[in-house]
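# Residue-level structural notes
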Amino acid sequence: MESLTLELVPGMASYAVSANNSRGRRFTEPHSVYRSEFQRDRDRIIHSTAFRRLEYKTQVFVNHEGDHFRTRLTHSLEVAQIARGIARALGLNEDLTEAISLAHDLGHTPFGHAGQEALNDCMRDYGGFEHNLQSLRIVDKLEQHYASFDGLNLCFETREGILKHCSVETAGHLGDLGERFINQTQASLEAQICNLADEIAYNNHDIDDGLRSDLLSLDQLEEIALFERNWASAKNEYGAIDRRRLVHETIRRMINALVCNLIEMTKSNISRCVPRTLDDIRQSGVLVGFSEEMYDAQLKMKHFLSENLYQHYEVLRMTRKTRRIVGDLFSAFLDDPRMLPPAYRTEDNSPRHVADYIAGMTDRYAMKEHRRLFAVGEI
Ligand code: MG
C-alpha cells in the first residue's frame, strides 16, 4: 500500500485518522490537489451506482408505500449528519466519518432485512449472504467505473469502517482488513461513531415513520421512557400545538439527548484511557458509547420497535411477499443463467454472481423483474 501525503488538519486529535496515519489505498494514485484523501473517498461513494440505488431500496417500508417514509438513501444521509456532528465535537476526522456513513448500507438487498434473509437462505450452500460484506464487495470490486482498477479504491480506514462486523472464519479470508476480528482489536473512533449514529438514526426515524403510517400509536410510545420524557417536555413547552409538530419536537429532543450523551460519555472514556495515537485507539476497548442509563433506554426503544413495528402484521405480510420475490428470482437465475441480462452474464455464472445481481436491484426493479419472469398473463 502507498503511504499518503502529510495532511495537517487543525483541531483534529492526534488519535484521529488522517493521511499521516492511514494505511492508504490498495492501488497507488496521484493525490488530489484540493481534496483530502477522505473527502475523495466520500465523493467516490456519492458518485457510485450503488449509492444512487439506495433511493429506491426499503428501509422499513417498501419504497412505493409512501413518498415521505425513509429509504436507504435518506437513512444514510441522516446517519452521516448525526455521525459528522459527533466527529466534529470529538476532534475526529469528519470526512472519513461521513464517507463510512454514506457507504454503510450500500450492500443492502431490495426489501430491507426480509430481502437479506431470503438471499442468505438462497446462498446457504454457497457461502451465505451478509449485507455488510456485500457493502465491502461493492466498494472493492463490483463498482466498475475506473480505468485502472475495479471498485472505488478507497482508503483502508474507510473500508475498515464499512466492514462493521464479520465472523472470525470470514475474517481469515480478508487479509489486513480481517485482522482486527482475529486479534480482537478495535476500528477507529470514526468507525465506532458510525455504528452508533446508525442506531440513533434508525430508532428515531422508525418512530417517526411508524407514527406517520399509523402502525404505531402515541399511547404505545408513551409507555417507553425515552419517548415519554421528551414528549412530556415538548408538550410542557408548547402545549396544544398540532400532533405532527409535537412528534417532531419530541424526536429532535431524543436525537439531541442521545447525541449529547454519546459525546460526553465518549469524551470521558477517552480521557480515562489517554490515547495518543490511532494505534492506542485500536488497542483500547470500544470507547464510543452511551452512559449505562442511556444505553438501557435506547435498548428498550429498540426492543419496542422490533416487537411493534418490524413485526407488525402489515409489515410481516409485506415481508412474506418480498421474501418470495427474492427466492423466486434466485432459483430462476440459478436454474438458467442465460436469462440474466447480457451485461450481467459472466463465464462462470456462479451463485455468488446471481446474488450480486439480485442484491443490486432496487425494490421496484426486483418487482418488475419478478413480473417479467413469472406473470403468465404478461407474456
Ligand atoms: Mg443503517
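Scope of this entry: the structure provided in the associated data block. For clarity, every value in this text was computed on a predicted model and none was experimentally measured.

## Structural notes on the overall build of the protein
Looking only at helices and strands, the protein features 18 helices and zero strands. Projected onto its principal axes, the C-alpha coordinates of the protein cover approximately 60 × 60 × 35 Å. Looking at the protein as a whole, 54% of its 379 residues are labelled buried. At a minimum sequence separation of 6, the contacts of the protein that also span at least 24 residues come to 69%. On the protein, roughly 18300 Å² of surface is accessible, and the fraction owed to carbon and sulfur atoms is 49%. If you average the places of the 46 positive and of the 57 negative side-chain charges in the protein, the two averages end up 3 Å apart.

## Some details on the coordination of the magnesium ion
Protein coordination at the magnesium ion: the donors are H75 (NE2), H104 (NE2), D105 (OD) and D198 (OD), at 2.2 to 2.6 Å from the metal. The sequence pattern formed by the donor residues of the magnesium ion is H-x28-H-D-x92-D. In this pair, H104 is assigned in the loop between α4 (94-103) and α5 (112-122) and D198 in helix α10 (residues 189-212), connecting sequence segments 94 residues apart.

## Some points on the layout of surface pockets
In this structure, the largest pocket occupies an estimated 930 Å³ of space. The wall of the largest pocket is formed by 41 residues, among which Q59, V60, R72, H113 and Y310 lie closest to the centre. Broken down by secondary-structure element, the contributors of at least two residues to the lining of the largest pocket are α3 (72-89), α5, α6 (131-142), α7 (156-162), α10, α15 (292-310) and α16 (313-335). Of the residues assigned to the lining of the largest pocket, the class counts are 15 nonpolar, 16 polar and ten charged. Elements represented by at least two residues in the lining of the second largest pocket include exactly α2 (49-53), α6 and α17 (351-359). The residue makeup of the lining of the second largest pocket, split by class, is eleven nonpolar, ten polar and seven charged.

## Details of the nonpolar core
Ranked by internal contacts, the top residues of the largest apolar core, which has 56 residues, are I86, L92, L189, I193, I207, F227 and M301. Every element with two or more residues in this core is listed here: α3, α4, α10, α11 (218-221), α12 (225-238), α13 (243-273), α14 (278-283) and α15. Among the elements that take part in this core, α10 stands out by supplying ten residues, more than any other. Those residues within four positions of I86 in sequence are excluded, and the remaining contacts are I193, V259, L262 and I263.

## Description of the packing of aromatic side chains
Under the criterion given, the structure shown has five aromatic pairs. Summarising the aromatic geometry, the rings of F27 and F149 are spaced 5.9 Å apart at their centres and angled 5° between planes, so their arrangement reads as stacked. Taken together, the positions of F27 in the segment before α1 (37-46) and F149 in the loop between α6 and α7 put the pair 122 residues apart, joining distant regions of the chain. Plain terms: the ring middles of F227 and W231 are 5.7 Å apart, the flat faces sit at 25° to each other, and that makes the pair stacked. A residue pair is termed a helical-turn pair when its members lie 3 or 4 positions apart in one helix, as F227 and W231 do in helix α12 at four residues.

## With respect to the packing of α16 against α17
Interhelical geometry of α16 versus α17 gives an angle of 140° and a closest axis separation of 10 Å. Considered as vectors, α16 and α17 are oriented oblique to each other. Note that α16 runs across α17; the crossing there is right-handed. Residues V326, L329, F330, F333 and L334 of α16 touch α17, and the partners they reach there are P351, V354, A355, Y357 and I358. In terms of residue class, the contact of α16 with α17 is built from ten nonpolar, no polar and no charged.

## Quick word on the environment of R84
For R84, the location among the structural elements is in helix α3. Separated by 250 residues in the primary sequence, R84 and L334 have C-alpha atoms spaced 42 Å apart. R84 has contacts with R42, E94, D95, T97 and E98, leaving out every residue within four places of it along the chain. A distance of 2.9 Å separates a polar atom in the side chain of R84 from a polar atom in the side chain of E94.

## Some words on the packing of α13 against α15
Direction vectors running N to C along α13 and α15 enclose 140°, while the axes themselves pass 11 Å from each other. In terms of orientation, α13 lies oblique with respect to α15. Crossing of α13 over α15 shows left-handed handedness. Contact with α13, carried on its side by M254, A257, L258 and N261, involves M294, Q298 and M301 of α15 and no other residues of that element. In terms of residue class, the contact of α13 with α15 is built from five nonpolar, two polar and no charged.

Each value, and the rule that gives it
- Residues numbered from 1 in each chain as written.
- Predicted model: local features only at pLDDT ≥ 70, side-chain atom pairs only at ≥ 80, totals over all residues.
- Heavy atoms only, no water.
- Helix = DSSP H or I, 4+ residues; strand = E, 2+ residues; numbered from the N terminus.
- Buried < 20%, exposed > 50% of the residue type's maximum accessible area, 1.4 Å probe, protein only.
- Contact = heavy atoms within 4.5 Å.
- Areas by Shrake-Rupley, 256 points an atom, 1.4 Å probe, with all protein chains shown as cover.
- Lys, Arg positive; Asp, Glu negative; His and termini not counted.
- Charge placed at Lys NZ, Arg CZ, Asp CG, Glu CD.
- Donors = N, O, S within 2.8 Å, 3.2 Å for Na, K, Ca; no water.
- 1 Å grid on protein atoms, 1.4 Å probe; cavity = no way out; pocket = protein on both sides within 12 Å on 5 of 7 lines; lining within 4 Å.
- Points joined across faces, edges and corners; volume = space filled by probe spheres on them.
- Nonpolar A, V, L, I, M, F, W, Y, C, P; charged D, E, K, R; others polar.
- Core = buried A, V, L, I, M, F, W, Y, C linked by side-chain atoms within 4.5 Å.
- Phe/Tyr/Trp six-rings, centres within 6.5 Å; stacked < 30°, edge-to-face > 60°.
- Axes fitted to C-alpha atoms, helices over the stretch in contact; angles between N-to-C directions.
- Parallel < 35°, antiparallel > 145°, perpendicular 65-115°, else oblique.
- Left-handed = near helix turned anticlockwise from the far one by under 90°.
- Polar contact = N/O pair within 3.5 Å; in protein donor to acceptor, adjacent residues only side chain to side chain.

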